[in-house]
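Chain and residue survey
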Amino acid sequence: MRRYYDPNKKALVYIQSSATPEMWDTHWSITDEDKARLALIPPQKLNFVASITRRYLTPEDGLILEGGCGTGNHVAALTSAGYQALGIDFAPQTVAMLNKVAPHLDIRLGDVRSLPLSDQSVAGYWSLGVIEHFYSGYDSISHEMRRVIKSGGYLFLTHPYMSPLRKLKRLLRLFDYESSPSEPSDFYQFALDHQQTIMNFCQLGFSLCEVCPSAGLKGFKDELPSFFKSPLQKLYDYSGKSILVRGLRYILDKVLSPLCGHSCLIVFRRH
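Residues numbered from 1 in each chain as written. Predicted model: local features only at pLDDT ≥ 70, side-chain atom pairs only at ≥ 80, totals over all residues. Heavy atoms only, no water.

Looking now at the packing of aromatic side chains. Under the definition given, this model contains 14 aromatic pairs. Judged by centre distance (6.2 Å) and plane angle (40°), the ring pair of Trp 24 and Tyr 188 falls under tilted. Here Tyr 188 lies in strand 8 (residues 187-191) and Trp 24 lies in helix 1 (residues 21-27), a separation of 164 residues in the sequence. The two residues Trp 24 and Tyr 188 agree in class, both being buried. Among the aromatic residues, ring-to-ring pairing joins Phe 48, Tyr 56, Trp 126, Tyr 154 and Phe 156 into one connected group. Across from the ring centre of Tyr 135, 4.4 Å away, lies the NZ or CZ of Lys 9, which sits over that ring. Taking NZ or CZ as reference, Lys 221 lies 4.7 Å from the ring centre of Tyr 236, over its face. (Phe/Tyr/Trp six-rings, centres within 6.5 Å; stacked < 30°, edge-to-face > 60°. Helix = DSSP H or I, 4+ residues; strand = E, 2+ residues; numbered from the N terminus. Buried < 20%, exposed > 50% of the residue type's maximum accessible area, 1.4 Å probe, protein only. Lys NZ or Arg CZ within 6 Å of the ring centre and 35° of its normal.)

This is the structure we're talking about:
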């Protein structure tokens, strides 16, 4: 993966592989463990998506949409929590597999830039790491969000962002600087300026409810030189059962998030 800062886009550009439906089908290859988990409604673990949704909306408020739902884990969690949940994704093989292994989940093929939904039809809209993958910008996505969310409904939006650490590295010219008038080959995503994101959505008729940086350990390790990154990468990738190691990772993640978070959650309310 290669990264550089584009002053015209005011964003950090990641060059890796183009975020096409085919790429996501490959990326989201569903394992047997995924299939077993998704085949059940109860008991599903109440994940962070369902927990945060509960702070703003009740199941009686109406439909919750996840635009760009991937493997359907969050749709499953919302369904288990009692919400009417709908997932839409444009990766055809992934959607077909989910419809086969989890027919109780409402997951449909579609494009977040042109949603097959009527105006003001959803009470909440989750967009987890979607808008940063479009080089030409997310205007069409944001306008669709505003169209389908009810007045008084909520948008839960995440994207990689220019954390304070990344902004410091930019000021110190520690990133390569490049600009391209056209989309680079193998463009993957941006790390966006979240203040610009907030301004754009407020101009569309949303009001800001909260901003929550996250993934502090990832955001910190990704900005370190390779020599220092290696031990943190092992901690980040740890999949064992040690409570001590998992606890250390959790604490570091929380402590580092305000300054080094890889991504941020932004919650908006539609006027």
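After that view, the rundown keeps rolling.
The three strands are arranged 1-2-8 in an open sheet whose pairing can be described as antiparallel. Of all the strands in the sheet, just strand 1 (2-6) and strand 8 have a single pairing partner and so form its edges. Each strand of the sheet is rotated relative to its neighbour by a mean of 25°, with strand direction disregarded. Judged from the five bridges that link them, strand 1 and strand 2 (residues 11-15) form a sheet pairing that is antiparallel. Within strand 2, the residue paired with Asp 6 across the bridge is Ala 11. (Pairing = 2+ DSSP bridges. Axes fitted to C-alpha atoms, helices over the stretch in contact; angles between N-to-C directions.)

Coordinates in, geometry out; function isn't part of it.
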